[in-house]
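Chain by chain, the residues run as shown.
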Amino acid sequence: MIYGNFDLRRGDHDGKPEQNRPPRWGGNDNPVLTVVPAETAAVFLGSSAALGVPEHVRKLQEDLTTLGFSIVGKPDGGFGGRTEWAVREFQIYASMEQVARVREDKKGQLLLDAAGAPVKVNNADVYFDSSASIVAKAGRSAVVSGETVGPVSYYVDSLQPVANASVYAGPISGVVNELTRAAIEYWLDHDYRCPVVIEAWSNTSTGARTDLVQGGCNLWAHDSFTSGAPRVFFRDFTSYYDYPGSRNKLEYQTLGYYQSGAFGGPNTALKHSWSPEAEMSVLNVLGAPYNSAEVNSAKVSTYRAMRVVAEAECYGRFDVLNAWDNALISAGPCHWTMGVFSSEYDDGELPGFIAYVKSINPEAFDKAFGRFGLDTVLQWGDAGMYSSGVRTYNSWVKLSAETDFADLPKTKEGAHYMKTWHWHYRFSMAGRTIDAYRKAMWKMTRLRLSKILDKEVRFRVAGHEVVSTLGAVFTSEKAVAILLRWHVFRPAHVVSGSSRVAPAIQSVIDSTAQINWALPVASWGDAHESALTAEIQSKLAALNDSITNAILYGANLPQGAVRPGRNSFIMDV
């Protein structure tokens, strides 16, 4: 029996006997201990406290740190947000079929002394822990274990993959329920460890790892490591994700780097992406290599237009993520945000996309999110998700609890759970390995585009009002790509009452008398399209210049760049 057999949870603490402050365990203040030996029992009676109060919360925190879940922070006897995160993460990894275990030849080598201070062995800068297994380390092992390819940290070198002989089957709740206590005991008794280790390494210009940097071992919180120079890698012992044949799961894999800023956190650049596996290529998006016979097909035409936006937003990569600014985390070809922070985080398009994945492919949703205890507050199709004013789908996320779900707090302290390096790893690996998840991203972008093109627009020609749609006015792949890019940047500029696109149309009509705008819109030609496209590109570039280079994407590839001619865009429906 551990932790007094209490279901420890957020808000619990060990009390302070010297201040006559009783403990709170299992959500109850001053709990009566009836199942512990008398010599360790402590019941607060009246105004005096018995001696020898066990420190259940502190012991839990120490155990979680031992097992590799150092996001718990410094053990202090108070069950706060970070401890809840650590319990959730333990439950997540304890649910997996494969975990990590300390290698036999490494047991007993890596310990802290009785006071919890680091110990040096043979003058080596190695950190140890009192239960005979590594908790943290700064330095690189000169010995390659055979379980990991290439240079390896002391910590990772001590681990090997092993089938989980006691899979946790309870909820991902952050509550230390009976099944969680049993799992923690089993992990401690069998030297199990968190099977995903994230580390920061110095590397060469080609990305090869050289040395583990100081403070770069076993990263968890978004701000636990704040140097931007090293590259962040992970070593995955789980076999949870299906690695492509081109990737060796025994190797460290690149994840990103720390980006400073007012919020700061994990970020991914193009050089950190898996290429070509995570590229938004014709093959990965459409399911087959480009075929020149399909140059005029709807799917290739739509791909060309949407790929421009992806190039501007995420270098055209499914695994290029952003978790360092005020948008919490952003992902996908439109870099949907989880929610932008003002006084708190608001609803965002990324949860809307997650709900969409769940609606069209529950298995992909479960693989990417559900098994980690994540869902969305609004489900796909619920009233309130679609914002007709800006034509976007928005929601928020919720986390599984003991019996139901609870909304992720919208405060920095609560929401920044989603900024942790392990969540960055999960979003990245979903983009790298779950094909249905990637296909859903493309379908969601296509849905967005259809909503934009369906927007009614009004303008005047020779004193007469013309009522049309954006899709009828702008018909080239180039123009459609610009509209989509603008909508991602500022949706209201394109489709709301404060639209800047409608005035741009009117401006072109008023300033180009040499073009016959009195023709029916369906009869407009290349001259009309060219003038309209140039105007919206110029207007957008003045606000966000990423369109200037992004619009050229594909020029040196078989499918080519977006086509500028009238009616060159064909919507894939």
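Residues numbered from 1 in each chain as written. Predicted model: local features only at pLDDT ≥ 70, side-chain atom pairs only at ≥ 80, totals over all residues. Heavy atoms only, no water.

Visitor: Could you give me a rundown of the side chain of D375, with the residues and numbers involved?
Guide: The residue D375 is located in strand β15 (residues 374-376) in this model. A distance of 2.8 Å separates polar atoms of two side chains, one belonging to D375 and the other to K358. Not counting residues within four places of it along the chain, the set of residues in contact with D375 comprises K358, F365, W396, V397, K398 and F405. (Helix = DSSP H or I, 4+ residues; strand = E, 2+ residues; numbered from the N terminus. Polar contact = N/O pair within 3.5 Å; in protein donor to acceptor, adjacent residues only side chain to side chain. Contact = heavy atoms within 4.5 Å.)

Visitor: Explain the packing of aromatic side chains to me, using residue names and the numbers behind them.
Guide: Evaluated as defined, the whole model comprises 32 aromatic pairs. The interplanar angle of 20° and the centroid separation of 6.5 Å between the aromatic rings of Y345 and W396 together place this pair among those described as stacked. Of this pair, Y345 sits in the loop between β14 (336-337) and α7 (349-360) while W396 sits in the loop between β17 (392-393) and β18 (397-400), and the two are 51 residues apart along the sequence. Like Y345, the residue W396 is buried in the burial classification. On the basis of an interplanar angle of 40° and a centroid distance of 4.8 Å, the ring pair of Y386 and Y393 is categorised as tilted. Under the relative-accessibility criterion, Y393 is labelled buried at 12%. Note that K412 overlies the ring of F341, its terminal NZ or CZ placed 5.1 Å from the centroid. Looking at K451, its charged tip hangs above the ring of Y386, at a distance of 5.1 Å from the centre. (Phe/Tyr/Trp six-rings, centres within 6.5 Å; stacked < 30°, edge-to-face > 60°. Buried < 20%, exposed > 50% of the residue type's maximum accessible area, 1.4 Å probe, protein only. Lys NZ or Arg CZ within 6 Å of the ring centre and 35° of its normal.)

Visitor: Go over the pairing of β18 with me, naming the residues and quoting the values.
Guide: The side chains of a regular strand alternate between the sheet's two faces. When β15 meets β18, the two strands line up antiparallel, connected through three bridges. Counterpart to D375 in the pairing with β18 is K398. Sheet analysis places β18 next to strand β19 (residues 405-407), joined by three bridges and oriented antiparallel. Counterpart to L399 in the pairing with β19 is A406. Turn length for the β18-β19 hairpin, with the two strands adjacent in sequence and antiparallel, is four residues. (Pairing = 2+ DSSP bridges.)

Visitor: Account for empty space enclosed by the protein, naming residues and giving values.
Guide: Across all of its chains, the model carries one cavity of 30 Å³ or more by this definition. What the largest cavity holds in volume is close to 50 Å³. Taken together, W336, E349, R391, T392, Y393, M444, R448 and K451 form the lining of the largest cavity. A total of three residues in the lining of the largest cavity trace back to one element, the largest contributor, which is helix α11 (residues 435-453). Residues belonging to the lining of the largest cavity are distributed by class as follows: three nonpolar, one polar and four charged. (1 Å grid on protein atoms, 1.4 Å probe; cavity = no way out; pocket = protein on both sides within 12 Å on 5 of 7 lines; lining within 4 Å. Points joined across faces, edges and corners; volume = space filled by probe spheres on them. Nonpolar A, V, L, I, M, F, W, Y, C, P; charged D, E, K, R; others polar.)

Visitor: Describe the sheet that holds β15, and please don't skip the residues or the numbers.
Guide: Strands sit in the order β15-β18-β19 across an open sheet of three strands; the sheet is antiparallel. Strand pairing shows two members of the sheet lacking a second neighbour, β15 and β19, which therefore form its edges. Averaged over all pairs of adjacent strands, the angle between strand axes in this sheet comes to 40°, irrespective of strand direction. (Axes fitted to C-alpha atoms, helices over the stretch in contact; angles between N-to-C directions.)

Visitor: If you had to explain the packing of helix α15 (residues 501-511) against helix α16 (residues 526-543) to someone new, which residues and values would you point to?
Guide: Interaxial distance between α15 and α16 falls to 9 Å at its minimum, and their mutual angle equals 130°. By the angle between their directions, the pair α15 and α16 is classed as oblique. You can see that α15 and α16 cross each other, and the crossing is right-handed. Across the interface between the two elements, A504, I505, S507 and V508 from α15 touch A531, L532, E535 and I536 from α16. For the contact of α15 with α16, the residue count by class is six nonpolar, one polar and one charged. (Parallel < 35°, antiparallel > 145°, perpendicular 65-115°, else oblique. Left-handed = near helix turned anticlockwise from the far one by under 90°.)

Visitor: Which residues make up unusual backbone geometry, and what are the values?
Guide: For residues besides glycine, phi is generally negative; the peptide bonds are generally trans as well. With an omega of 10°, the peptide bond between S275 and P276 qualifies as cis. Take P276: it is sitting in the loop between β12 (265-267) and α5 (282-286). Phi angles above zero are rare outside glycine, and H335 is one such case at about 40°. One can find H335 in the loop between β13 (330-331) and β14.

Visitor: Lay out the nonpolar core with the relevant residues and their values.
Guide: Counting residues in each nonpolar core, the largest one holds 142 residues, and the members touching the most others are F69, F353, F427, F474 and I505. Excluding its chain neighbours within four sequence positions, the residues that come into contact with F353 are W336, Y437, A440, M441 and M444. The next biggest cluster of nonpolar side chains, apart from the first, holds 13 residues, and it includes A100, V102, V152 and L212. (Core = buried A, V, L, I, M, F, W, Y, C linked by side-chain atoms within 4.5 Å.)

Visitor: Can you break down the sheet that holds strand β11 (residues 253-259) residue by residue, with the values?
Guide: Across the sheet, which stays open at both edges, the five strands sit in the order β9-β8-β10-β11-β12 with antiparallel pairing between neighbours. Across the chains shown, the open sheet's two edge strands, defined by having one partner strand only, are β9 (209-212) and β12. Between one strand and the next, the sheet's axes are offset by a mean angle of 50°, whatever the strand orientation. Relative to β11, strand β10 (residues 231-236) runs antiparallel, the two sharing three bridges. When the sheet's bridge partners are listed, F233 is paired in β11 with T254. Set on the sheet, helix α10 (residues 421-433) makes contact with β8 (196-203), β10, β11 and β12; between it and β11 the angle comes to about 130°.

Visitor: Give me the lowdown on the packing of helix α6 (residues 298-314) against helix α13 (residues 477-489), citing residues and values where you can.
Guide: One can describe the packing of α6 onto α13 by two numbers: an axis separation of 9 Å at closest approach and a directional angle of 40°. Considered as vectors, α6 and α13 are oriented oblique to each other. Judged by the twist between their axes, the crossing of α6 over α13 is right-handed. Contacts from S301, R304, A305, M306, V308, V309, A312 and E313 of α6 reach α13 at E477, V480, A481, L484, R485 and V488. Taken together, the residues of the contact of α6 with α13 break down into nine nonpolar, one polar and four charged.

Visitor: Please provide a residue-by-residue account of the side chain of R307, values included.
Guide: Among the structural elements, R307 can be located in helix α6. Ignoring sequence-local partners within four residues, the contact set of R307 consists of E279, M280, Y315, G316, R317, W442 and Y553.

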